[in-house]
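Reading the structure
The residues making up each chain are set out below.
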Amino acid sequence: MSAPATGSAPPPVNPRSRVLVASLMGTTIEFYDFYIYATAAVLVFPQLFFPSSDPTTALLSSFAVFGAAMVARPIGAVVFGHLGDRLGRKRTLVVSLLTMGIATFLIGVLPTYAQAGWVATALLVLMRLAQGFALGGEWSGAALVATENAPSGKRALYGTFPQLGAPLGFIIGNGLFLVIGALLPSAAGADPSQPSDAFVSWGWRIPFLFSAVMVAIGLWVRSRLVESAVFARTRESGEVRRLPLVTVVRSHGKQLVLGTFIMLATYVLFYLMTTFSLSYGRAAKNAAVPGLGYDYTTFVLMMIFGVLFFAAFTLISGPLADRYGRRATLIWITAAIIVFGLVWVPLIDLGTLGVVLWLVLGFTLMGMTFGPMGALLPELFPTSVRYTGSGISYNVSSILGAAVAPFIAVALWEAGDGSPWLVGVYLSAMAVLTLIALLLGKETKHVSLDDREAASADDAIHAPAASPTS
């Protein structure tokens, strides 16, 4: 007779490669979906869904819907944060990705205003809100999958992998639009900066429909994850909260506010460089509100070149934040963003070389400030409310920064009679607020993600631990 087992087998863990691919793949898809909307909002949505005799009014209306998604993101952060802190990271991430994929695919089959009137516009707004709702739960979950499974001393490096989804999604989304634009060029004699009739009629729909393929791949990758050991231990010890939102607001309000403002400059820079810059770069020099006058293909290629620096410096920022600390690294980067906002016009006045330098510097700073956020925001909160807390900070900042940044930028661009100097000043002012938040905060490099706080009797859920593979 064989001897009895002396102990149970250790719970399964996620291989490091699976953690990195799952966190990277999901955010790449989510940002791809968001970017293709942003590109379509500049190229075709004003005329297809927001017709107006004033092109600026149509553009601002399209941007307003872009901002509406940002308003939905904190709601998504609360809902998915509640699920993530109650049920676990894995299942919540699958639901958020599926929600984003369905909404994006449906945008690709919507009727236009000419076909369905205000109903078409209303459906676009609804799908855009669904995208924002889904993205509100995506980022924090992906960041937690990366950081809660990271080896000692490499949490910021692992945290940069979900951040890499932003530049990769930009390159894939805009690259696909470039390919479609090249296959459907404007007719001879037409304005090359404007999309062709075929592109406006049906070509713009292809990137939205293609998202279904990417989502299927992402769901397969995430379905193979197991729950993080950090969350599993919290669940086993009965420290899962009944209402994570109540707990995080009541006990961690300071961290919520600091996290929100720490993200502010990142968001403003992000959407100025990816959304406003596309409108400014393509606007004709003799337009009512003059721009740089580049055709779409040329300027997007210049942007993609800049985004390569975004990706590279996102990865570089991780080891720096692991070595020198998140707070110290971000203080210097935020100071550089303040200076960058004040030198927009001198850079752009140098001509094409200056415009390329402007894009490269902006996207380099974007990578350096965005990379450490994958570790810093989760480190502000204990395990039982980490999904909710980091998600709310990240997404409330989207309202203060990204939701209004393109809208404010267009207004300041008009106020400057075509010069973006006021837009640069706006960026610098927001970076000052971020710098203040960083100076008021504390270093989180040495915080243990396994730290858990005692739950009160009316707040904790004392339930049997679920299977670690669930």
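Heads up: these notes are all about the structure in this document. Nothing here was measured: the structure is a model prediction, and the numbers come from that model. (Residues numbered from 1 in each chain as written. Predicted model: local features only at pLDDT ≥ 70, side-chain atom pairs only at ≥ 80, totals over all residues. Heavy atoms only, no water.)

**A few points about the overall build of the protein chain**
Within the protein chain, the regular secondary structure consists of 21 helices and two strands. With 470 residues in all, the protein chain has 57% of them scored as buried. In the protein chain, 85% of the contacts between residues at least 6 apart in sequence involve partners at least 24 apart. Carbon and sulfur atoms make up 70% of the accessible area of the protein chain, which amounts to about 17,900 Å² in all. (Helix = DSSP H or I, 4+ residues; strand = E, 2+ residues; numbered from the N terminus. Buried < 20%, exposed > 50% of the residue type's maximum accessible area, 1.4 Å probe, protein only. Contact = heavy atoms within 4.5 Å. Areas by Shrake-Rupley, 256 points an atom, 1.4 Å probe, with all protein chains shown as cover.)

**Topic: unusual backbone geometry**
Of note in this structure, Asp417 is not a glycine but carries a positive phi near 55 degrees. Tracing the backbone shows Asp417 in the loop between helix 20 (405-415) and helix 21 (421-440).

**Looking at the environment of Leu123**
Positionally, Leu123 belongs in helix 6 (residues 118-148). Residue Leu123 is classed as partly exposed on the basis of its relative accessible area, which comes to 31%. The spacing of Leu123 and Leu106 is 17 residues in sequence and 9.3 Å in space, taken between C-alpha atoms.

**What to know about the nonpolar core**
Formed by 111 residues in total, the largest nonpolar core has its most connected members in Phe45, Trp204, Leu272, Phe299 and Trp358. Of the residues forming this core, the biggest block, twelve residues, is contributed by helix 13 (residues 264-282). With 15 residues, the next largest nonpolar core counts Phe80, Val145, Leu164 and Val221 among its residues. (Core = buried A, V, L, I, M, F, W, Y, C linked by side-chain atoms within 4.5 Å.)

**Some words on helix 6**
Taking 1.5 Å of rise per residue, the 31 residues of helix 6 would be expected to cover 45 Å, and the 46 Å separating its terminal C-alpha atoms lies within 8% of that figure. Among the 31 residues in helix 6, 22 count as buried, and that is most of the element. (Expected span 1.5 Å × (residues − 1).)

**Remarks on a nonpolar patch on the surface**
Judged by side-chain polarity, Val257, Phe261, Leu400, Val432, Leu433, Ile436 and Leu440 come together as a nonpolar surface patch covering roughly 570 Å² of accessible area. Residue placement: Phe261 occurs in helix 12 (residues 253-262). Classification of Phe261 as partly exposed rests on a relative accessible area of 30%. (Patch = residues over 30% accessible without salt bridge, like charges linked within 9 Å, V, L, I, M, F, W, Y side chains within 5 Å. Salt bridge = Lys/Arg side-chain N within 4 Å of Asp/Glu carboxyl O.)

**Focus: the pattern of salt bridges**
One pass over the structure, following the stated rule, counts seven salt bridges. We note a salt bridge from Asp322 to Arg326, for which the minimum N-O separation is 3.2 Å. Given a relative accessible area of 13%, Asp322 falls into the buried group. For Arg326, a relative accessible area of 1% corresponds to the buried category. Between Arg326 and Glu379 there is a salt bridge, with its nearest N and O atoms 2.7 Å apart. A residue pair is termed long-range when its members are at least 10 positions apart, and Arg326 in helix 15 (residues 326-342) and Glu379 in helix 18 (residues 373-379) qualify at 53 residues. Judged by its relative accessible area of 4%, Glu379 is buried.

**Describing helix 11 (residues 244-251)**
Three- or four-residue spacings in an α-helix give side chains the same orientation, since the helix completes a turn every 3.6 residues. Buried within helix 11 are the following residues: Pro244, Thr247 and Val248. In a view along the axis of helix 11, the buried residues occupy a sector of 95 degrees, so they form one face of it. (Arc of directions from axis to C-beta.)

**Digging into the environment of Tyr280**
Within the secondary structure, Tyr280 is located in helix 13. Setting aside residues no more than four positions away along its own chain, Tyr280 makes contact with Pro290, Gly291, Leu292, Ile348, Trp358, Trp413, Gly418 and Pro420.

**Some points on the packing of aromatic side chains**
A complete count under the given rule lists 31 aromatic pairs for this structure. Plain terms: the ring middles of Tyr35 and Phe170 are 5.1 Å apart, the flat faces sit at 90 degrees to each other, and that makes the pair edge-to-face. Taken together, the residues Tyr35 in helix 1 (residues 16-43) and Phe170 in helix 7 (residues 155-183) connect sequence positions 135 residues apart. The interplanar angle of 90 degrees and the centroid separation of 5.6 Å between the aromatic rings of Phe276 and Trp413 together place this pair among those described as edge-to-face. Here Trp413 lies in helix 20 and Phe276 lies in helix 13, a separation of 137 residues in the sequence. Here Phe276 falls in the buried class, since its relative accessible area comes to 0%. Residue class for Trp413 comes out buried when judged on its relative accessible area of 5%. In textbook terms, an aromatic cluster arises when at least three aromatic residues are bridged by ring pairs, as seen for Phe31, Tyr35, Trp139, Phe170, Tyr267, Phe270, Tyr271, Phe310, Phe363, Phe370 and Tyr394. Here the guanidinium or amino end of Arg128 rests over the ring plane of Tyr37, the centre of that ring lying 3.9 Å away. (Phe/Tyr/Trp six-rings, centres within 6.5 Å; stacked < 30°, edge-to-face > 60°. Lys NZ or Arg CZ within 6 Å of the ring centre and 35° of its normal.)

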